[in-house]
Every structure is written in structure tokens, then in C-alpha cells.
Amino acid sequence: DHSDETEKIEKVLLEKDNSVPKEPDSSRTFKVHDGDNLSLIFAKAGFSDRDLYEVVRTSADGKKLSKLYPNHTVSFLSDVNGDLIGIEHRRSLLESTSYWRDGDSFKSKEIILTPEKRITWTSAQIESSLFLAGQSAGLTNNSIMELANIFGGVIDFFLDPRKGDTIHLVYDQLYLDGEKIGDGDIIAASFYNKGKAYSAFRYTSSDGEVGYFNSE
């Protein structure tokens, strides 16, 4: 039977094809530094300006790819022939854009992740400066600066804090896939300076304005 013989041949060819290991796709990632541009990054990855033009011209978010800043990363995915089949432009842990080949053009998708917020608290005692006290309490530099801005109208943190002044803080920590990625907003804070207590509470007004107010 001719059809039976054909099925046998196809089965043998399929088994032979599956027995040959296929080379995996290759991925390379480049961190953006001062002076880098998209053409230079593509060249480092082994791709031409023609590849660059194809991605930028045919994808919906192609122009965003040209907006590179230091510490961004650009990842390239190539097939077994070395042809470009995908790009990921990561601007931060939470924001990235993916590009992938679809026939003779590229498609794209912007990805914005939302971190999980966990309310936590900490305390610190100033020994020499607000900055060092904040660091010892596990705060990021941004949180320390926000704290200084909140109380900046009543305390001069460069001249006034003295050894023994204390800080108490309730704030958000940000997590992504179970891993801490940074600090969020300060929810409430108190500062004891020269025996006097200053408090601040985060509040959002009905028109969306955010500010910090004392208990009164």
C-alpha cells in the first residue's frame, strides 16, 4: 500500500529530525553608558543600521527605542542563523518595551509592571547626620531626601540635628516577584529634635494634590 509506505518514510524522517539537537537562540544584553547611541549598541551586538532601521520603522514603538539613557539595558535575541528576531529595551525594573519579528516587520509591546507595596516602619537615632542615620535604618537615599523635604520647613538638617535626635517612620517598601526593589512613599513620620516632637502625615486632597500635614 503506497499510503502505508509513505507514512513509514515520514515517521523515519521525523524521528531522524528530532534526534538532531537544534542550536538554541542566542541572547546578548548591553548596558547603556554615556555617549552610547542606538546605532553603536546595534553594532556592538553585531547588527547593522539596516536591522536598526527595520525595527524602528516597522514597529509601533520603534521611536521609543532611540531614547536611550545611561543604565538602560538593550537585549538582542538572534536565531540559529544569527538573524535578529527580538529586542528588549529595559528602562527600569518596572518599565520595558519588547520587539519581535513577525514576517518582514517587527511588532512591539510596552510592559509596565506594578510593584507590591508592603507597609513597614523603622526608627533611627542621629549620631552625626540625618543621611547616616537614614542609611543605618535601611532607607534609600531617595527616602532620606524625601524625609528632609518633609521637615525642611521646621528643621535645618545641616545645622540643627544633634546627637540623640530620633526619627520614626512608617513607609511603603516595594517588591517585585517577592524581591525588594526599593522604597515607596513615606506614610507618616516623626522627628524628635531638642526634646520637641514634629510629626507629618501623608494626605491626598479631593483634587489629587499630595502633601504632608501635622496632626492639627
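This is a predicted model, so every value here is computed, not measured. (Residues numbered from 1 in each chain as written. Predicted model: local features only at pLDDT ≥ 70, side-chain atom pairs only at ≥ 80, totals over all residues. Heavy atoms only, no water.)

Participant: Looking at this model, I keep getting lost on the pairing of strand β10 (residues 210-213). Mind explaining?
Facilitator: Look at any regular strand and the pattern is simple: side chains alternate between the two faces of the sheet. As paired elements, strand β9 (residues 196-204) and β10 share four bridges and run antiparallel to each other. Bridge pairing in β10 places Tyr-203 opposite Gly-211. The antiparallel hairpin formed by β9 and β10 contains five residues in its connecting segment, where Gly-208 sits at a positive phi of about 90°. (Pairing = 2+ DSSP bridges. Helix = DSSP H or I, 4+ residues; strand = E, 2+ residues; numbered from the N terminus.)

Participant: Would you explain the sheet that holds strand β2 (residues 73-78) in this entry?
Facilitator: Paired through their backbone hydrogen bonds, the strands of a sheet run either parallel or antiparallel. The strand order across the open sheet built from five strands is β1-β2-β3-β4-β5, with neighbouring strands paired in antiparallel fashion. This sheet does not close on itself; its edge strands, each paired only once, are β1 (26-31) and β5 (105-112). Mean inter-strand twist for the sheet, computed between neighbouring axes without regard to direction, equals 15°. Pairing of β2 with strand β3 (residues 84-90), which is carried by six bridges, proceeds in the antiparallel orientation. Bridge pairing in β3 places Thr-73 opposite Arg-90. The strands that helix α3 (residues 49-58) touches are β3, β4 (95-102) and β5; relative to β5, the one it contacts most, it runs at about 65°. (Axes fitted to C-alpha atoms, helices over the stretch in contact; angles between N-to-C directions. Contact = heavy atoms within 4.5 Å.)

Participant: When you look at helix α5 (residues 141-151) in this model, what are you seeing that I'm missing?
Facilitator: Along α5, the positions that sit buried rather than exposed are Ser-143, Ile-144, Glu-146, Leu-147, Ala-148, Ile-150 and Phe-151. Taken together, the buried residues of α5 touch α4 (130-136), β7 (166-176), β8 (179-193), β9 and β10. (Buried < 20%, exposed > 50% of the residue type's maximum accessible area, 1.4 Å probe, protein only.)

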